[in-house]
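Structural overview
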Amino acid sequence: MKNLQEQMLQELETKSDLTAAHDYAKSYIDTVFGRNVYPSEEALENLKHFEENLPEQSGNSAQILEQLNTHGGSATVATLGGRYFGFVNGSSLPITLAAKSLSTVWDQAPAMQVLSPIGSKLESVVEQWLQQLFNLADNTAAGFVSGTSLANFCGLAAGRFHQLEKLGWNVNENGLNGSPKLRVITGNQAHSTVIKAISLLGFGYKNIEWVDTDDQGRIIPSQIPELDDSCILILQAGNVNSGSFDDFEAICKKAAEKGAWIHIDGAFGLWARATKNLSHLTHGMEHAHSWAVDAHKTLNTPYDSGIVLCKHPEALKSALHMTGSYIVKGEERDGMFYTPEMSRRARIIELWAALKYLGREGVTDLVETMHHMATKFKNEISKIAGFEVLNDVVFNQVLVQCETDELTQNTMFNIQQERVCWVGGSQWKNRKVIRVSICSWATTEDDISKAVASFKQSLAKAKKQ
């Protein structure tokens, strides 16, 4: 009888598990674009097959994969397809699915160059590509993290270090107790992950200086308080509800001249900077000091893939400092100095593959097509009596409202139950809304028409309930 090591070596040699997994993956792709977006009730019920005590003995790999495929695959949300409009979850470009599959087998951890020369090299290359794509200074540093939640944290941590250092205080050595007071200023439409980062960094969300926003959720420049070296100003490229962009041109240069650190939360919207016809939305953002953006949203890399960009590399590295007698510093990039984690997967491989495949023109086409689809959705839904679009569709977000909050809620519930598409709800100007986020390369005009038809049918049903 083989011991466990012998068994696993044989499985690896025969590649039986990899072959089965790839066959299941191919079968999933064959069906995911035509299936209902949300799992059926039967599929959700069948998740009970995973409920068991921890096995005492080692299992059969073929049976484990079969269970995952049968009861796991059918219970997935079809974010890979073209009709998931719920949270701002992107699909995945075909090239990135292939690259991730390959990189999974490589199993690289690019904390240090010596741990992963390929990871180190690709991070350096993509850092330069992002500088070019976003038209940022050549010394702009990039850290490759799990998502914008962590990228916001990193950018604000760099800002905290930099601003306190200007005031004569080393936060790494002295901590926050007794430090000069920093002021955190942001709009009252700031994303929840920004508030989380502020709390984690010890500023306290009760100390935020909130600035009023306009009817599209944009911070009002004239309402920003007087700024100085003690300030961190947080702006937004893509409001999570309306998709609106703060007026960077009116704000950033003046704020920087006053000595404030400017951080831009651009989770899905920052990619407008890389396009031909939407880049005007980001004019002036180059005067900021740090930026956060996701690749797994608008760029459509697989989860997870976030990026922090920082104009002051030393501030970023100092804020995320890492030491140890066992550390082997490379002649080239050691990625751990630009992120909080030492242990992290080489998500850079899919990001490199996406940018290599798309090129500048492909990024423009990808992002502007999403905007085109959002505009089409707005135009089609506006023709149906009982629906109102509340926002200016400047990017990929559409806010839809029915005549009453109850009707909006019931219509959204019916849409979710019908499963033709999937949308989520939100609150806008003290009213319930349906939030439509279009961020998949795979969304076609036919997908939009099917979704609008589902909205119409669901509203009619809600009126009878």
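Please read these numbers as outputs of a predicted model, since none were measured by experiment.

1. Here's the deal with the environment of Pro-94
- By secondary structure assignment, the location of Pro-94 is in helix α5 (residues 94-106).
- Taking C-alpha positions, Pro-94 is 9.4 Å from Asn-300, a pair spaced 206 residues apart along the chain.

2. Let's talk about the packing of helix α7 (residues 148-166) against helix α9 (residues 192-200)
- It is the contact of α7 with α9, at a shortest axis distance of 9 Å, that shows an interaxial angle of 45°. The angle between α7 and α9 places the two elements in the oblique class. Along this stretch, α7 crosses α9, giving a crossing that reads as right-handed. Counting all contacts with α7, which are made through Ser-149, Asn-152, Phe-153 and Leu-156, the residues of α9 involved are Thr-193, Val-194, Ala-197, Ile-198 and Leu-200.
- Looking at side-chain class alone, the contact of α7 with α9 contains six nonpolar, three polar and no charged residues.

3. Brief notes about the layout of surface pockets
- If you add up the space inside the largest pocket, you get close to 1,100 Å³.
- Ala-21, Ala-25, Tyr-28, Ile-29 and Leu-97 are, among the 33 residues lining the largest pocket, the residues nearest its centre.
- Contributions of two or more residues to the lining of the largest pocket are made by α2 (16-32), α4 (61-72) and α5.
- Of the residues contributing to the lining of the largest pocket, the split by class is 19 nonpolar, 12 polar and two charged.

4. Re the sheet that holds strand β1 (residues 141-145)
- What the seven strands build is an open sheet, ordered β1-β7-β6-β5-β4-β2-β3; its pairing is mixed. Each end of this open sheet is capped by a strand with a single partner; those strands are β1 and β3 (209-211). For this sheet, the mean angle separating the axes of adjacent strands, direction not counted, is 20°.
- In this sheet, strand β4 (residues 231-236) lies alongside strand β2 (residues 183-187) in parallel orientation, the contact comprising four bridges. When the sheet's bridge partners are listed, Arg-183 is paired in β4 with Cys-231.
- In the packing of helix α6 (residues 117-133) onto the sheet, contacts are made with β1 and β7 (306-310), and the angle to β1 comes to roughly 120°.

5. Focus on the pattern of salt bridges
- In this structure the tally under the stated criterion is 21 salt bridges.
- Salt-bridge contacts for Glu-123 lead to Arg-344; the nearest nitrogen and oxygen are separated by 3.0 Å. Note that Glu-123 is positioned in helix α6 and Arg-344 in the loop between α11 (313-319) and α12 (348-382), a separation of 221 residues in sequence.
- By relative accessible area, which is 0% here, Glu-123 ends up buried.
- By relative accessible area, Arg-344 is classed as buried at 6%.
- Asp-446 is the salt-bridge partner of Lys-450, the closest N and O atoms lying 3.4 Å from each other. Of the two residues, Lys-450 and Asp-446 are both situated in helix α14 (residues 445-464); the distance of four residues between them amounts to about one turn of the helix.
- On the basis of relative accessible area, Lys-450 is assigned to the partly exposed category, the value being 40%.

6. Observations concerning the packing of aromatic side chains
- Scanning the entire structure with this criterion turns up nine aromatic pairs.
- Each member of the aromatic cluster is reached from another via a ring pair, and the members are Tyr-38, Tyr-84, Phe-87 and Trp-422.

7. Some thoughts on unusual backbone geometry
- The linkage connecting Tyr-303 with the following residue, Asp-304, adopts the cis geometry, with an omega of -5°.
- Phi angles above zero are rare outside glycine, and Asp-107 is one such case at about 55°.
- Positive phi, close to 55°, is recorded for Asn-135, a residue that is not glycine.
- Locating Asn-135 in the fold gives a position in the loop between α6 and β1.

8. Some words on the sheet that holds strand β9 (residues 397-401)
- Spatially, four strands are ordered β8-β9-β11-β10 in an open sheet, and the strand pairing comes out antiparallel. Two strands in the sheet have a free side with no partner beyond their single neighbour: β8 (388-389) and β10 (424-428).
- Pairing between β8 and β9: two bridges, direction antiparallel. Of the residues in β9, the one forming a bridge with Glu-388 is Gln-401.

9. Side note on the nonpolar core
- Within the largest apolar cluster, 57 residues are counted, with the highest numbers of intra-cluster contacts made by Ile-264 and Leu-299.
- Those elements that provide at least two residues to this core are α6, β1, β4, α10 (248-257), β5 (261-265), β6 (290-294), β7 and α12.
- In terms of residues, this core owes the most to one element, α12, which gives 11 residues.
- Ignoring any residue separated from it by four or fewer positions in sequence, one finds Ile-264 in contact with Leu-235, Gln-236, Ala-237, Phe-248, Cys-252, Leu-270, Met-285, Ala-288, Ser-290, Trp-291 and Ala-292.
- Core analysis: the next-biggest nonpolar cluster, separate from the first, contains 37 residues, Met-112, Leu-164, Leu-201 and Val-308 among them.

Reading the values: the criteria
Residues numbered from 1 in each chain as written. Predicted model: local features only at pLDDT ≥ 70, side-chain atom pairs only at ≥ 80, totals over all residues. Heavy atoms only, no water. Helix = DSSP H or I, 4+ residues; strand = E, 2+ residues; numbered from the N terminus. Axes fitted to C-alpha atoms, helices over the stretch in contact; angles between N-to-C directions. Parallel < 35°, antiparallel > 145°, perpendicular 65-115°, else oblique. Left-handed = near helix turned anticlockwise from the far one by under 90°. Contact = heavy atoms within 4.5 Å. Nonpolar A, V, L, I, M, F, W, Y, C, P; charged D, E, K, R; others polar. 1 Å grid on protein atoms, 1.4 Å probe; cavity = no way out; pocket = protein on both sides within 12 Å on 5 of 7 lines; lining within 4 Å. Points joined across faces, edges and corners; volume = space filled by probe spheres on them. Pairing = 2+ DSSP bridges. Salt bridge = Lys/Arg side-chain N within 4 Å of Asp/Glu carboxyl O. Buried < 20%, exposed > 50% of the residue type's maximum accessible area, 1.4 Å probe, protein only. Phe/Tyr/Trp six-rings, centres within 6.5 Å; stacked < 30°, edge-to-face > 60°. Core = buried A, V, L, I, M, F, W, Y, C linked by side-chain atoms within 4.5 Å.

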